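Observations on the three-dimensional arrangement
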Amino acid sequence: MPATAKLSRCKLTQLPTPVEELRTLSSKLGGPKILIKRDDLTGLALGGNKVRKLEFLLADALAQGCDTLVTLGAAQSNHCRQTAAAAAACSLKCELILNGKKPELPQGNLFLDELFGATIHWIERPQRAAKSAELVQQLKTAGRKPYLIPVGGSNGIGALGYVTAVTELMEQLDKRTINRIVFASSSGGTQAGLVVGARVAGFKGAVTGIGIDKDDRDLNIYEQELTDIANDCATRLGTNDRFTPKDFEVVRGYAGAGYGMVGDLEREAIRLLAQTEGILLDPVYAGRAFGAMLDLIRKGQIAKNETVLFWHTGGAPALFAYVKDLIGS
Ligand SMILES: *Cc1c(COP(=O)(O)O)cnc(C)c1O
């Protein structure tokens, strides 16, 4: 029995997501062999990686008798869209705290947040943490039972979604081997879960997160956050595995002008995958990570004789909020 079988989980996904081979792209590049894990197709509300985390977070919220999900993020947060949909699917209320000011016209993920019936609060980023504590207090005073989900659903509970995802992948690969998993890394739940999952499943290849944020903090702060999430996750699993910052590979240098700022790297990657394979990437996360992977291949840092799996984490609804940045290239 997998270690996660005893942890409660609220079914929101259509699993397993497909694993496909990008044959046309691989031959165009002259190698390596590239597989893609389609977590853009997790099933709920246009998919994405947050649905896997939300299955465990929602089960915890329901077990605690909560009636309202509270979470926070950017205006085009995929996590907030998936949380709003999960709340609707489980008959819970949803309150979102989004960075910045309300735009005149809601587009992309923000439009979907509204369709799912979420209540939206706008706040400048530096005041965001204080605002979430205040909102939770206000909801309690009003007799509600709020459940606060951290940015990106990234804590030890959310990360369980990616521990189970590794087991799922290993079963799908059967006897095929891969040398490396590449994906977009930002709030850490995905990478922490993948690394814990790799340890549990005995996967020996590289787990390469592409840092998509312009991270001006000390170099190891993100690795420490990943370590903390992974150790909390391992404790919940009941395994004796423990992690240190050295267990996490984060590739930096591909964040361009910063979070959500589209450049040539993303534009080229999005067009290339769309036109060679008919698959959509997003402008903020997967497009940047895929562009970084292409660059690592061209530079030989990912060798032509490797088999690489790109873990597609979703996000395409944001394309519609970035049309101006994406057309004409
Ligand atoms: C949130 C998100 C990520 C990053 O996942 P983390 O667990 O926050 O590191 C990657 N891709 C997409 C599309 C996302 O929405």
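Quick look at the packing of helix 3 (residues 78-89) against helix 4 (residues 108-115) now. Running from N to C, helix 3 and helix 4 cross one another at 20°; their axes reach a closest spacing of 9 Å. Put simply, helix 3 runs roughly parallel to helix 4. In terms of crossing hand, the pair formed by helix 3 and helix 4 is left-handed. On helix 4, the residues that touch N78, C80, R81 and A84 of helix 3 are N109, L112 and D113. When its residues are assigned to classes, the contact of helix 3 with helix 4 shows 3 nonpolar, 2 polar and 2 charged.

Let us now look at the side chain of T313. Within the fold, T313 resides in the loop between strand 10 (307-312) and helix 11 (323-326). Those residues in contact with T313 that lie beyond four places of it in its chain are D39, G48, N49, A184 and A286.

Let us now look at the environment of L112. Inspection of the secondary structure puts L112 in helix 4. Exposure remark for L112: the relative accessible area of 15% places this residue in the buried category. For the pair L112 and Q76, spaced 36 residues apart in sequence, the C-alpha to C-alpha distance is 9.9 Å. If we skip the residues at most four places from it in the chain, L112 touches L46, R81 and P317.

This part covers the site of the ligand. Contacts to the ligand come from 16 residues, most closely from K50, K53, S187, T190 and T313. Contact with the protein chains hides 98% of the accessible area of the ligand, taken as 380 Å² for the molecule alone. More than half of the atoms belonging to the ligand lie within 2 Å of the grid points that define the largest pocket. When residues of the shell around the ligand are traced back to their parent elements, those giving at least two are helix 2 (50-63), strand 7 (180-185) and helix 7 (189-201). In terms of residue class, the shell around the ligand is made up of 2 nonpolar, 12 polar and 2 charged.

Here we take up the packing of helix 7 against helix 8 (residues 221-237). Two numbers describe how helix 7 lies on helix 8: the axes approach to 9 Å, and their chain directions differ by 50°. In this view, helix 7 runs oblique relative to helix 8, as classed from their interaxial angle. Note on packing geometry: the crossing formed by helix 7 with helix 8 is right-handed. Contact residues: G189, Q191, A192, V196 and V200 in helix 7; Y222, L226, I229, A230, C233 and L237 in helix 8. For the contact of helix 7 with helix 8, the class distribution of residues is 9 nonpolar, 2 polar and no charged.

To continue, consider the domain arrangement of the chain. Buried accessible area, meaning the area lost when the parts come together, often serves as the stated size of an interface. Examined at the domain level, the chain breaks down into domain 1 (19-48 + 155-326) and domain 2 (50-153). The straight-line distance from the C-alpha centre of domain 1 to that of domain 2 is 24 Å. Taken over both partners, the interface formed by domain 1 and domain 2 buries close to 2000 Å², and the fraction arising from carbon and sulfur atoms is 62%. Where domain 1 packs against domain 2, one counts 2 salt bridges. Put simply, domain 1 and domain 2 have 6 residue pairs in polar contact (both at pLDDT 80 or more) between them. Going through the elements one at a time, helix 6 (160-173) and helix 7 are the ones with two or more residues in the side of domain 1 that touches domain 2.

In this section: the environment of K37. On the secondary structure map, K37 appears in strand 2 (residues 33-38). Spatially, the C-alpha atoms of K37 and A255 are 23 Å apart, while their sequence positions differ by 218 residues. Residues contacting K37, with those up to four places away along its chain left out, are T17, P18, V19, R52, E168, L169, Q172, L309, F310, W311 and H312. Within the local environment of K37, its side chain forms a polar contact with the backbone oxygen of T17, the two atoms lying 2.9 Å apart.

Inspection of the entire model under this criterion finds 4 aromatic pairs. For the ring pair Y259 and Y285, a centre distance of 5.8 Å and an interplane angle of 75° mean the geometry is edge-to-face. Of this pair, Y259 sits in the loop between strand 9 (249-251) and helix 9 (264-277) while Y285 sits in the loop between helix 9 and helix 10 (286-298); the two residues are 26 residues apart in sequence, bridging distant segments of the chain. Using a relative accessible area of 33% as the deciding quantity, one classes Y259 as partly exposed. Residue classification places Y285 among the buried residues on the basis of a relative accessible area of 16%. Note on F290 and F310: the rings are 4.8 Å apart at their centroids and 80° apart in plane angle, and the pair reads as edge-to-face. Remark: F310 occurs in strand 10 and F290 occurs in helix 10; sequence separation between them is 20 residues.

What counts, and at which threshold
- In this numbering scheme, every chain counts its residues from 1 along its sequence in written order.
- Reporting in this predicted model follows two pLDDT cut-offs: at least 70 for local features of residues, and 80 or more for side-chain atom pairs to be given and counted; totals over whole chains, interfaces and linings ignore these cut-offs and use all residues.
- Side-chain metrics in this entry use all non-hydrogen atoms of the structure; hydrogen atoms and water are not considered.
- Fitted lines through C-alpha atoms give the axes, limited to the stretch in contact for helices. The angle between two N-to-C directions lies from 0 to 180 degrees.
- Put simply, DSSP marks the helices as runs of H or I at least four residues long and the strands as runs of E at least two long, and each gets a number from the N terminus on.
- Every angle not falling under 35 degrees, over 145, or within 65 to 115 is termed oblique; those three ranges are roughly parallel, roughly antiparallel and roughly perpendicular.
- In this scheme the handedness of a crossing depends on how the near helix is turned from the far one: anticlockwise by less than a right angle means left-handed, clockwise means right-handed.
- By the convention used here, residues are in contact when the closest approach between their heavy atoms is within 4.5 Å.
- Following the grouping adopted for this structure description, the nonpolar residues are Ala, Val, Leu, Ile, Met, Phe, Trp, Tyr, Cys and Pro, the charged ones are Asp, Glu, Lys and Arg, and the polar ones are all others, Gly among them.
- Summary of the burial criterion: residues with accessible area below 20% of their type's maximum are buried, those above 50% are exposed, and those between are partly exposed, where the area comes from a 1.4 Å probe applied to protein chains only.
- A cutoff of 4 Å decides nearness: a residue is near a molecule or strand if any of its heavy atoms lies inside that distance of it.
- Surface accessibility in these figures is a Shrake-Rupley result with a 1.4 Å probe; residues are shielded only by whichever protein chains are displayed.
- Lining residues are defined by having an atom within 4 Å of a point belonging to a cavity or pocket. Those points lie on a 1 Å grid over the protein atoms alone, cavities being sets where a 1.4 Å probe fits but cannot get out and pockets being open sets with protein on both sides within 12 Å along at least five of seven lines.
- A molecule is counted as occupying a cavity or pocket when more than half of its atoms fall within 2 Å of that pocket's grid points.
- Residue ranges assigned to each domain were obtained from an automatic or database domain assignment.
- Accessible-area loss on putting two parts together, using a 1.4 Å probe and summing over both, is the definition of buried area adopted here.
- For this analysis, a salt bridge means a side-chain nitrogen from Lys or Arg found within 4 Å of a carboxyl oxygen belonging to Asp or Glu.
- Under this definition, polar contacts are N or O atom pairs within 3.5 Å; protein pairs additionally need one hydrogen-donor-capable and one acceptor-capable atom, and for neighbouring residues in sequence, both atoms have to be side-chain atoms.
- Any two of the Phe, Tyr and Trp rings considered here, Trp counted by its six-membered ring, make a pair once their centres fall within 6.5 Å; the pair's planes then place it as stacked at under 30 degrees, edge-to-face at over 60, or tilted in between.

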